[in-house]
Amino acid sequence: MENGSESSRYWYGASEEDRRRRAVDVLQAFRVYRAAEVAMRRRTRESMSMGENELLVLRYLLKAAGQDRQVSPSELTRYLGVSTASTTAIVDRLEKTGHVTRVPHPTDRRSIFIVATAASDEEVRATLGSMHSRMMAAVVDMTPEESSAVVACLGRLQDAVDQVDPHPVTVDAAQ
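Residues numbered from 1 in each chain as written. Predicted model: local features only at pLDDT ≥ 70, side-chain atom pairs only at ≥ 80, totals over all residues. Heavy atoms only, no water.

Asker: Can you walk me through the overall build of the protein in this structure?
Answerer: Helix and strand counts for the protein stand at seven helices and two strands. Its helices and strands taken in sequence order, the protein reads α-α-α-α-α-β-β-α-α from the N to the C terminus. Summarising the internal contacts of the protein: among those between residues at least 6 apart in sequence, 43% fall at separations of at least 24. (Helix = DSSP H or I, 4+ residues; strand = E, 2+ residues; numbered from the N terminus. Contact = heavy atoms within 4.5 Å.)

Below you can see the structure in the form of structure tokens.
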């Protein structure tokens, strides 16, 4: 026979301890996934001989190209949150390796756009295509309820991490 505590859970739902354990299990699963994703990105950067910002720029440019949008160096600077000198160095490295080209602005002779090359698009697709297919296969058969639950959970987690202050207020012990 069950003790009173266990039988009350049957009628009244999970205990606070059960809820916390499930929450920890979900957060741990996300941490493990995030670690796997970070490792995949590192392997991708290594296989393509790129740094993190170079890969970010390439992905950004490929997405913009898919939207028929041109990207200026200053847009890349804002996107990356780095200096204009750093952006120039990144673009220089990507141009040297044949991943991007600088093209003149059609109406402003002083301006340029940065464009990903067709070869870099093919390289990214070859490098990441099968991984994207495996990820799609992992989620394509989710029920609408499962999909909604995951999307809602990820949204709440994003809200939680977006609220992290980069300059937390510290309490001075001398006060």
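Structure's up, so let's keep going.
Asker: I keep staring at the pattern of salt bridges and nothing clicks. Help me out?
Answerer: For the structure on display, the rule yields 12 salt bridges. The residue Glu 54 makes a salt bridge to Arg 93 at a minimum N-O spacing of 2.4 Å. Highlighted residues: Glu 54 in helix H3 (residues 52-66) and Arg 93 in helix H5 (residues 84-96), separated in sequence by 39 residues. Judged by its relative accessible area of 41%, Arg 93 falls in the partly exposed class. One salt bridge in this structure joins Arg 102 and Asp 92, with 2.6 Å as the shortest N-O distance. Remark: Asp 92 occurs in helix H5 and Arg 102 occurs in strand S1 (residues 100-104); sequence separation between them is 10 residues. On the accessibility criterion, Arg 102 (30% relative accessible area) is partly exposed. (Salt bridge = Lys/Arg side-chain N within 4 Å of Asp/Glu carboxyl O. Buried < 20%, exposed > 50% of the residue type's maximum accessible area, 1.4 Å probe, protein only.)

Asker: Sorry, what's going on with a nonpolar patch on the surface here?
Answerer: Taken together, the side chains of Met 136, Val 139 and Val 140 make up a nonpolar region of the molecular surface, amounting to roughly 270 Å² of accessible area. On the secondary structure map, Val 139 appears in helix H6 (residues 118-139). (Patch = residues over 30% accessible without salt bridge, like charges linked within 9 Å, V, L, I, M, F, W, Y side chains within 5 Å. Areas by Shrake-Rupley, 256 points an atom, 1.4 Å probe, with all protein chains shown as cover.)

Asker: I keep staring at the side chain of Thr 77 and nothing clicks. Help me out?
Answerer: Take Thr 77: it is sitting in helix H4 (residues 73-80). Given the relative accessible area of 12%, Thr 77 is considered buried. In this view, Thr 77 contacts Val 82, Ser 83, Thr 84 and Thr 87; residues no more than four positions away in its chain are not counted.

Asker: Help me understand the nonpolar core, please; the structure alone is not making it clear to me.
Answerer: A general tendency of soluble globular proteins is for nonpolar side chains to be buried together. Grouped together as the largest cluster of nonpolar side chains are 22 residues, with contacts concentrated most on Val 57, Leu 58, Leu 61, Leu 76 and Val 100. Per element, the largest residue contribution to this core is seven residues, and it comes from H3. Not counting chain neighbours up to four residues away, the residues in contact with Leu 58 comprise Met 48, Met 50, His 99, Val 100, Ala 116, Ser 120 and Val 124. (Core = buried A, V, L, I, M, F, W, Y, C linked by side-chain atoms within 4.5 Å.)

Structural measurements only, silent on function.
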